[in-house]
Amino acid sequence: MTQPLLILGSSSDKGLGHTVVEAVLGARAPETIDLQAKTIGYYDYGRENMADDFIKVAERMAAADSIVFATPVYWYSMSAQMKTLFDRFTDLITLRKDLGRKFKGKRCFVLAWGNDAELPAGFDVPFSSTAAYFDMAYGGCFYYCTGAKADVERRSREAVAFGRAIAF
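Here the structure is a predicted model, which is why all the values come from computation and not from measurement.

Caption draft 1: Highlighting the overall build of the protein. Of regular secondary structure, the protein possesses 7 helices and 5 strands. Element order for the protein, N to C, with α for helix and β for strand: β-α-β-α-β-α-α-α-β-α-β-α. Relative to a compact globule of 168 residues, whose C-alpha radius of gyration would be 15 Å, the protein shows 15 Å and is just as compact. On the principal axes, the C-alpha backbone points of the protein span a range of 50 × 35 × 25 Å. By the burial criterion, 45% of the 168 residues in the protein qualify as buried.

Caption draft 2: Seen up close, the side chain of Arg88. Along the chain, the position of Arg88 falls in helix α3 (residues 80-88). Note on Arg88: relative accessible area 0%, which makes it buried. Polar side-chain contacts of Arg88 include one of 2.7 Å to the side chain of Asp91. Excluding residues that lie within four positions of it along the chain, Arg88 makes contacts with Ile40, Gly41, Tyr42, Tyr43, Asn49, Met50, Asp52 and Phe54.

Caption draft 3: Summary view of the environment of Asp124. In this structure, Asp124 sits in the loop between β4 (107-114) and α6 (125-133). Owing to a relative accessible area of 25%, Asp124 belongs among the partly exposed residues under this scheme. Asp124 sits 61 residues away from Ala63 along the chain, and the two C-alpha atoms are 24 Å apart. With residues near it in sequence (within four places) discarded, Asp124 still touches Tyr138 and Cys141.

Caption draft 4: Focus on helix α7 (residues 152-166). Compared with the 21 Å implied by 1.5 Å per residue over 15 residues, the 21 Å span of α7 between its first and last C-alpha is a close match. Listed as buried for α7 are Arg155, Ala159, Phe162, Gly163 and Ile166. Each buried residue of α7 sits inside an arc of 105° when the element is viewed along its axis, so together they form one side. Exposed and oriented more than 90 degrees from the buried face of α7 are Glu153, Arg157 and Arg164. On its buried face, α7 sits against α1 (16-25), β3 (66-72), β4 and β5 (137-145).

Quick notes on the rules
Numbers given to residues run from 1 along each chain, matching the order in which its sequence is written. Reporting in this predicted model follows two pLDDT cut-offs: at least 70 for local features of residues, and 80 or more for side-chain atom pairs to be given and counted; totals over whole chains, interfaces and linings ignore these cut-offs and use all residues. As a rule here, side-chain values come from all non-hydrogen atoms in the structure, and water together with hydrogens is ignored. Going along the chain from the N terminus, every DSSP run of H or I of four or more residues is numbered as a helix, and every run of E of two or more is numbered as a strand. The globule rule used for comparison is 2.2 Å times the number of residues to the exponent 0.38, while the radius of gyration itself is calculated over C-alpha atoms. We call a residue buried when its accessible area falls under 20% of the maximum for its residue type, exposed when it is over 50%, and partly exposed in between, using a 1.4 Å probe and counting protein chains only. Side-chain atoms alone can form a polar contact between residues adjacent in sequence; in general such a contact is a pair of N or O atoms within 3.5 Å, and within protein one must be able to donate a hydrogen while the other accepts it. Contacts: residue pairs with any heavy atoms within 4.5 Å of one another. For a helix, the expected span equals 1.5 Å multiplied by the number of residues minus one. Taken from the helix axis, the directions to the C-beta atoms give the arc we talk about.

Function cannot be read off these values alone, since they describe shape.
See the structure below:
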């Protein structure tokens, strides 16, 4: 098993996302695609955005054994960067079916963080349903509470356990 590919969908290049990733994956530094540093246009029926970075990112995802999507929770959902990436998966079932088929059998996981004590209900549905659509193995979602109600000791133990499930 090779290292997972980390897809980071945060608006902050030095924010809590890195802390959460380190809590889960420890010192193991996976290859990371920072969506903030990529140019990925919104899904476009006219296909005007095919020269952006989406296909390169999708090709890298197709080459990985497992993918870890890491996103803050904004308004009960994934970040805008992550949502834009997921919307563009439509290109993988229309224009680049060959590439979309390569997602079959990949393992995927979600790391999320936010201020609420618990992950909002239904947060992981887009991830688990997308994994099912592409016939990927969904390994679950780990949520790290960063707010005042955070149980740091419990979350740290859970982070290590989830990291073992991702194991590389």
